[in-house]
Amino acid sequence: MVSCNKQIQEKQADPNNPTTVPPALVLGTLLTDISGTGTAGRLSGTNSSEGVNSWDGAHRWNQYHCSNYDYYDNNIYAWTNGSFDPYLVMKNAVQMEKENSTRGAPAVNPYEAVGRFVRAYYYYNLTSMFGDIPQTEALDVAITQSPAYTPQEQVFQYVLAQLDTANTDFASLIASNDNSLSPSQDIMYGGNLVLWQKMVNTFQLRVLVALSNKASDPLLNVPARFAAILGSPSTYPVFSGQADDYKFVYNPGNANTYSTYPFNPTNFGSIAQRFNMADTYVKALTTLNDARVFVTCEPAWAYVAADPNPCKYNYFVGASTGLPLALMYAAAGVDSFSFINRQRYYSNYTGEPNVLVGYKEMCFNIAEGITRGWATGNAEAWYKLGITESMAFYGIDVTKTSFTTYFLPKGANSVTQVAPYPYNFDFTTYYAQPSVALSPVTTTAINQIVLQKYIASFQNSGYESYYNWRRTGVPAFEGGSGVGNNGIVPIRWAYPVTEQQQNTDNWKKALTAQGFTQDDLNQVMWLLK
C-alpha cells in the first residue's frame, strides 16, 4: 500500500470509453445522419428505419411511388407520433464545435460553419413538420428534458440568421485558404469550402420560397433577402450546375455495405413488384407528354397488350396513393399499374445519388421568386433551365429527338432480361404546349413552376415536394382510405408522445399558442396561414 501512488480517480477512468473525440469523426457521423443512412436524425416521424433517403417514406408521402404489400410497408400518413431524433444530431453538432474549440481552433472555423448549416437544416424541417418547436432552449443541456417551445416565425428567423452567418464564415475561411475540414469525413464535399458556401445560399433560397405565404412579414423580410442573394453573386454564390449538388453517393460495394442503394440486384426478387408508381407522379408526366416517364417508369403491361411499341403515354398508369392496399396489390399483380423502371433502379448497388439540395430545384426556386416579384431577372429562362437540367439527369438530350429506354418485358423475372425500346421526343414541341410554356399570368406561372419542380424532385430533396404541395396545392395530392387520417392527406405531424409525457406543460402551451384545438394532423400552422 505504501508503494501505490495512483489516485482513485485514475483507477475509475475507463480507457476504452473516451470522453472526447476528434471533431472530424463527429462530422462524419453528422453527415451520415443527414444523408439518411445513419442511425439518428430521422425525419420521417414514424419508423426509425426511414430517413430522408431514396425510396423511403418521404417519397411515398410525396406521392411518387406506393407500397402495394403491407408486409413491406403501406401508404398511410401515420404521423400521430412524430420524432424529435434530429435534436440528437444538433447536439452532436454543438459537441463537434466544442471539440474543435478545445483543440485551439479560432471562433470562425469550418466545423463551426458546418454546424450552423446542420442546425438550420434540421430546424427548418422540424418546424415545417410540426409548427412551433423547441429551439431557443432545445440544445441547453440544463433544461434538455423540458425546453419551452419557440414560435415558428422566430424559428425561421433563427434558420435564416444561421445561414447568413455560415455564408459569411465560409467566405472568410475561403479567403484565408483554410483547409482544416477533414476531406475523408466530409462525405458530401470532401472538404471543399467553396461548395459548402454555395450550398448554404442555395438552401436559403429554398427556405425563402417556403415562406411565400409570409412574404410581407417585416421580421423575415423575404423579398429583400431573396433579391440580395440573386443580386450579389460574389457575396452570395449559389450552385452553377448539377456538379455542385449537395448529395450522398451510395457505396458501390456489395449487399453487406451499409450505404448501398436501397433498391439493388440483391433485393430485386423480393421487392421489385411490391412498389408501384403513384398516380400523382405518373399523371404529372403523361398529361404533359413528358418523356421522363419512359426513363423512371415502366408501362402497365395490361394496357400494352400486343402492341410492339410500349412507349406511349396512355400505357403508363399509377395507383392512387389513397387506394386500399388490397385493391392496389391485386391490380399490380395483373400489370394494371406501372412499376419503377427496373433496369434503371435495380441494376447495381450505387444507383442515383441522394440529392438533398440540388441545382435543378434551385432553378425553379429562382424562377418562382422572380415571378412573385421578389427580384428582377428572367423567370422563364430559369424555369426552362430547370426542365432541361432535369431531362439531362435522365439522359434526355434536348438537342436530339431519338432515344432508347429499357423495360422489363411482361413475364420476365430477372433484371438481366430487360429489353430496349426506342422512342421519340422533341423538346421544342414539348415546350410549345400551353401547359408547359411559362404563362404570363402570375398564378398560372407559379403553378407551372411548382409542377415542374415536383417532377424534377423525383427521388430527391427530402420532403420538399410535400411541403410545396401543402403550400400551393400543386400537384393535387390524392386522398382516400389508403392514406389514413379519414382519407385526408394531413398538413402536419403530431408532436412526439414523449413530449406529452415528459414536457407536458410546454407542449400544452404550444398547442394553445398556435390556436390548435388538439395535437392532430389537420391543424393549420403559422407558416400556412
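What counts, and at which threshold
- Just so you know, the residues in each chain are numbered from 1, in the order the chain's sequence is written.
- Where local features are concerned, this predicted model is filtered to residues with pLDDT of at least 70; where side-chain atom pairs are given and counted, the filter is 80 or more; whole-chain, interface and lining totals use all residues.
- Side-chain figures throughout are based on the complete set of non-hydrogen atoms in the structure, without hydrogens or water.
- A helix here means a DSSP run of H or I that spans at least four residues, while a strand means a run of E at least two residues long, and both kinds are numbered starting from the N terminus.
- It is over C-alpha atoms that the radius of gyration is taken, and the globule rule equals 2.2 Å times the number of residues to the power 0.38.
- Burial classification: accessible surface area is computed with a 1.4 Å probe over protein chains only, and a residue below 20% of its type maximum counts as buried, one above 50% as exposed, and the rest as partly exposed.
- In these tables, accessible area is a Shrake-Rupley quantity obtained with a 1.4 Å probe, and a residue counts as shielded only by the protein chains included in the view.
- For every element, the axis is a line fit to its C-alpha atoms; helices are fit only across the contacting stretch, and the angle between N-to-C directions ranges from 0 to 180 degrees.
- Every angle not falling under 35 degrees, over 145, or within 65 to 115 is termed oblique; those three ranges are roughly parallel, roughly antiparallel and roughly perpendicular.
- For any pair of crossing helices, the crossing counts as left-handed if the nearer helix is rotated counterclockwise from the farther one by less than a right angle, and right-handed if it is rotated clockwise.
- Two residues form a contact once any of their heavy atoms are found within 4.5 Å.
- As a working rule, the residues Ala, Val, Leu, Ile, Met, Phe, Trp, Tyr, Cys and Pro are called nonpolar, Asp, Glu, Lys and Arg charged, and the rest polar, with Gly in that last group.
- Residues belong to a common nonpolar core when they are buried Ala, Val, Leu, Ile, Met, Phe, Trp, Tyr or Cys residues joined through side-chain atoms within 4.5 Å.
- A cavity, in this analysis, means grid points on a 1 Å lattice covering only the protein atoms where a 1.4 Å probe fits yet has no way out; a pocket is instead an open set bounded by protein on both sides within 12 Å along at least five of seven lines, and a residue lines either one if it has an atom within 4 Å of a point.
- Grid points are joined across faces, edges and corners, and a volume is the space filled by probe spheres set on the points.
- As used in this structure description, the phrase polar contact means that two N or O atoms lie within 3.5 Å; if the pair is within protein, one of them must be able to donate a hydrogen and the other to accept it, and residues adjacent in sequence are counted only when both atoms belong to side chains.
- Here is the rule: rings of Phe, Tyr and Trp (six-membered ring for Trp) pair when centre to centre is within 6.5 Å. Planes less than 30 degrees apart are stacked, more than 60 are edge-to-face, and the remainder are tilted.
- The rule for a charge over a ring is simple: NZ of Lys or CZ of Arg within 6 Å of the ring centre, and within 35 degrees of the ring normal.
- A score between 0 and 100, pLDDT records how confident the predictor is in each residue.
- Paired strands, as defined in this entry, are two strands with at least two bridges between them according to DSSP.
- Should a side-chain nitrogen of Lys or Arg be within 4 Å of a carboxyl oxygen of Asp or Glu, the pair is scored as a salt bridge.

### Examining the overall build of the chain
Here is step 1: Counting its secondary structure elements, the chain contains 21 helices and 8 strands.
Here is step 2: Taken against the 2.2 N^0.38 rule, which gives 24 Å for 529 residues, the C-alpha radius of gyration of the chain at 24 Å falls within 12% of a compact globule.
Here is step 3: With the C-alpha coordinates aligned to their principal axes, the bounding extent of the chain is approximately 95 × 60 × 50 Å.
Here is step 4: Across the 529 residues in the chain, those meeting the buried criterion constitute 57%.
Here is step 5: About 21000 Å² of surface is accessible on the chain, with carbon and sulfur atoms providing 53% of the total.

### Details of the packing of helix α5 (residues 110-130) against helix α6 (residues 152-175)
Here is step 1: It is the contact of α5 with α6, at a shortest axis distance of 9 Å, that shows an interaxial angle of 155°. Here α5 is positioned roughly antiparallel relative to α6, judged by the angle of their axes. When you trace α5 past α6, the crossing you get is left-handed. Taking contact as the criterion, the partners of Pro110, Glu112, Ala113, Val114, Arg116, Phe117, Arg119, Ala120, Tyr123, Tyr124, Thr127 and Ser128 in α5 are, on α6, Gln152, Val155, Phe156, Tyr158, Val159, Gln162, Leu163, Thr165, Ala166, Asp169, Phe170 and Leu173.

### Notes on the packing of helix α2 (residues 23-35) against α5
The relative placement of two packed helices comes down to the angle between their axes together with the axis-to-axis distance.
Here is step 1: At a minimum axis distance of 12 Å, the contact between α2 and α5 shows a crossing angle of 25°. Between α2 and α5, the angle falls in the class roughly parallel. Here the hand of the crossing between α2 and α5 comes out left-handed. Contacts between α2 and α5 pair Pro23, Ala24, Leu27, Asp33 and Ile34 from the former with Tyr111, Val114, Phe117, Val118, Tyr121 and Tyr122 from the latter.
Here is step 2: Among the residues forming the contact of α2 with α5, the class breakdown is 10 nonpolar, no polar and 1 charged.

### Topic: the nonpolar core
Here is step 1: Ile34, Phe117, Trp196, Met199, Tyr246 and Phe425 are the most contacted members of the largest nonpolar core, which has 151 residues in total.
Here is step 2: The greatest single-element share of this core, amounting to 13 residues, is contributed by α5.
Here is step 3: What isoleucine 34 contacts, discounting residues up to four positions off in sequence, is Phe117, Val118, Tyr121, Tyr122, Met188, Tyr246 and Leu356.

### A few points about empty space enclosed by the protein
Here is step 1: Tallied over the entire structure, the rule returns 5 cavities of 30 Å³ or more.
Here is step 2: There is about 120 Å³ of room inside the largest cavity.
Here is step 3: Residue lining of the largest cavity: 16 residues in total, with Tyr124, Ala210, Tyr467, Asn468 and Arg471 positioned closest to the centre.
Here is step 4: When residues of the lining of the largest cavity are traced back to their parent elements, those giving at least two are α5, α7 (193-210), α15 (359-371) and α19 (464-472).

### Topic: the side chain of glutamate 99
Here is step 1: Mapped onto the fold, glutamate 99 is located in helix α4 (residues 86-102).
Here is step 2: Taking the relative accessible area as the measure of exposure, glutamate 99 reaches 4% and is therefore buried.
Here is step 3: Reaching out from glutamate 99, the side chain makes a polar contact with the side chain of arginine 103 at a distance of 2.9 Å.

### Topic: the packing of aromatic side chains
Here is step 1: Under the defined criterion, the tally for this structure stands at 61 aromatic pairs.
Here is step 2: Residues phenylalanine 226 and tryptophan 374 carry aromatic rings whose centres are separated by 5.4 Å and whose planes lie at 70° to one another, so their mutual orientation is edge-to-face. Highlighted residues: phenylalanine 226 in helix α8 (residues 222-231) and tryptophan 374 in the loop between α15 and α16 (379-393), separated in sequence by 148 residues. When sorted by exposure, phenylalanine 226 lands in the same class as tryptophan 374, which is buried.
Here is step 3: Between arginine 60 and the ring centre of tryptophan 61, over which it is positioned, the NZ or CZ distance is 5.7 Å.
Here is step 4: For the cation-ring pair, lysine 384 lies above tyrosine 431, with the distance from its terminal atom to the ring centre recorded as 4.6 Å.

### Notes on the confidence of the model for the chain
Here is step 1: This prediction gives the chain a mean pLDDT of 92; 92% of its residues lie at or above 70.
Here is step 2: Note that pLDDT drops below 50 for residues 44-51; the model gives that stretch 23 contacts with residues more than four away or on any other chain.

### Some remarks on the environment of glycine 115
Here is step 1: Following the sequence through the fold, glycine 115 ends up in helix α5.
Here is step 2: For the pair glycine 115 and leucine 30, spaced 85 residues apart in the sequence, the C-alpha separation amounts to 9.1 Å.
Here is step 3: Sequence-distant contacts of glycine 115, that is, excluding residues within four places in its chain, are made with Ala93, Met96 and Glu97.

### Concerning the pairing of strand β8 (residues 419-424)
Here is step 1: Alternating positions in β8 separate cleanly, Ala419, Tyr421 and Tyr423 being buried on one face and Pro420, Pro422 and Asn424 remaining unburied on the opposite face.
Here is step 2: In the sheet, strand β7 (residues 402-407) pairs with β8 via 6 bridges, with the strands oriented antiparallel. Paired with phenylalanine 407 across the two strands is alanine 419, which belongs to β8.

### Description of the pattern of salt bridges
Here is step 1: The full count for this structure, using the stated rule, is 19 salt bridges.
Here is step 2: In this structure, the salt-bridge partner of glutamate 97 is arginine 119, at a minimum N-O distance of 2.9 Å. Taken together, the residues glutamate 97 in helix α4 and arginine 119 in helix α5 connect sequence positions 22 residues apart.
Here is step 3: Residue classification places glutamate 97 among the buried residues on the basis of a relative accessible area of 18%.
Here is step 4: Linking glutamate 368 and arginine 471 is a salt bridge whose minimum nitrogen-to-oxygen distance equals 2.6 Å. Linking glutamate 368 in helix α15 with arginine 471 in helix α19, this pair joins segments that are 103 residues apart in sequence. Accessibility classification places glutamate 368 together with arginine 471 in one group, the buried group.

### Concerning the environment of valine 209
Here is step 1: Secondary-structure assignment places valine 209 in helix α7.
Here is step 2: Residue classification places valine 209 among the buried positions, given a relative accessible area of 2%.
Here is step 3: Sequence spacing of valine 209 and asparagine 365 is 156 residues, and the spatial spacing of their C-alpha atoms is 6.4 Å.
Here is step 4: Sequence-distant contacts of valine 209, defined by excluding residues within four places in its chain, comprise Phe226, Asn365, Glu368, Trp374, Lys453 and Arg471.

### Describing unusual backbone geometry
Here is step 1: In this structure, proline 475 follows valine 474 across a cis peptide bond, with omega equal to -15°.
Here is step 2: Position of proline 475 relative to the elements: it lies in the loop between α19 and α20 (497-502).
Here is step 3: Unusually for a residue other than glycine, asparagine 177 sits at a positive phi of about 60°.
Here is step 4: Within the secondary structure layout, asparagine 177 lies in the loop between α6 and α7.
Here is step 5: Positive phi values are uncommon outside glycine, yet asparagine 486 reaches one of about 55°.

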